[in-house]
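# Analysis of the macromolecular model
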Amino acid sequence: MEKAAGKINGALAEGGKALQRAGKSFERNFGAGTATSENMAKAAADMGSMASALHDTGSGAIPANAMTGQALAAAYPGVGADTLAGVPTSGPTQVLVNISHPGFNSASTLAWGAGHETGHAVLGYKDQRMNGIPAYKFGTPQQQEIFNALPGQQRLINPDHLMDQAR
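To start, this report covers the structure provided alongside it. (Residues numbered from 1 in each chain as written. Predicted model: local features only at pLDDT ≥ 70, side-chain atom pairs only at ≥ 80, totals over all residues. Heavy atoms only, no water.)

### Let's talk about the packing of helix H2 (residues 16-30) against helix H3 (residues 37-55)
The N-to-C vectors of H2 and H3 enclose an angle of 75°; their axes lie 11 Å apart at closest approach. Classed by the angle they form, the pair H2 and H3 counts as roughly perpendicular. Mapping the contact onto sequence places Leu-19, Ala-22, Gly-23, Phe-26 and Phe-30 in H2 and Asn-39, Met-40 and Ala-43 in H3. In terms of residue class, the contact of H2 with H3 is made up of 6 nonpolar, 2 polar and no charged. (Axes fitted to C-alpha atoms, helices over the stretch in contact; angles between N-to-C directions. Helix = DSSP H or I, 4+ residues; strand = E, 2+ residues; numbered from the N terminus. Parallel < 35°, antiparallel > 145°, perpendicular 65-115°, else oblique. Contact = heavy atoms within 4.5 Å. Nonpolar A, V, L, I, M, F, W, Y, C, P; charged D, E, K, R; others polar.)

### Examining the side chain of His-120
Inspection of the secondary structure assignment puts His-120 in helix H5 (residues 107-123). Looking at His-120, the relative accessible area reads 15%, which means it is buried. For His-120, the side chain forms a polar contact with the main-chain oxygen of Tyr-125, separated by 2.5 Å. For His-120, the contacting residues outside a window of four places in its chain are Val-87, Tyr-125, Lys-126, Asp-127 and Pro-159. (Buried < 20%, exposed > 50% of the residue type's maximum accessible area, 1.4 Å probe, protein only. Polar contact = N/O pair within 3.5 Å; in protein donor to acceptor, adjacent residues only side chain to side chain.)

### Here we look at helix H6 (residues 141-149)
Buried within H6 we find Gln-143, Ile-146 and Phe-147. Angularly, the buried residues of H6 cover 105° about the axis, an arc narrow enough to put them on a single face. In H6, the exposed positions angled more than 90 degrees off the buried face are occupied by Pro-141, Glu-145 and Asn-148. Here the buried face of H6 lies against strand E4 (129-130), strand E5 (133-134), helix H7 (152-155) and helix H8 (159-166). (Arc of directions from axis to C-beta.)

### Re the environment of Arg-129
Its location among the elements puts Arg-129 in strand E4. When its relative accessible area of 46% is taken as the criterion, Arg-129 is described as partly exposed. Along the sequence, Arg-129 and Gln-143 sit 14 residues apart, while their C-alpha atoms lie 8.8 Å from each other. There is a polar contact of 3.0 Å between the side chain of Arg-129 and the backbone oxygen of Gly-132.

Here it is, written out as C-alpha cells:
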C-alpha cells in the first residue's frame, strides 16, 4: 500500500507522462473518468493510512484477534464462521481473523484480508453493495460480478478496489 501510494503521489508531483501512466492505471481499477488529481490523492492518502495502521504497534493500535471460525461465529454472529477476517460493528475497533479459514494459510490471501479489513477499521469504509449484494473481489460469482460493475464513486471507497490498486 505504501509503494502504491508513493507511485501515485510521485506521479502527481511529477506530472506529464508519469501522471498520464498513473492515471491510466488508476482508471483501469477505479473506472473511466476517476483519475482526477483529487481522487488519486485521496486514494493515495487512504492507502497510506491503511499501511500506517498495519505498522502501528503502539498503545493506540488496532488489535488483531485470532480465533477459530466456531469461536468467531459464537462471539460475533454478524461476522460468521466462514469469514476469513472481519471488523465487528459494535464494541472496540479490532480486526478479527479466522485461523480455521483456508485462506489463513496463504500469506497473500491473509495480507489481502488484513488490508481490506483495515479499510473498514481505519477509514470507516463499508463494503459497497448493489441491489443488497456486497461487492467482493473474492466472493461468490454474483459478488464478483457486482465488484466489477460498481460505478467509480463506489469503487473509490471500496476496500477491495483500494487493495487492487495497492497490488
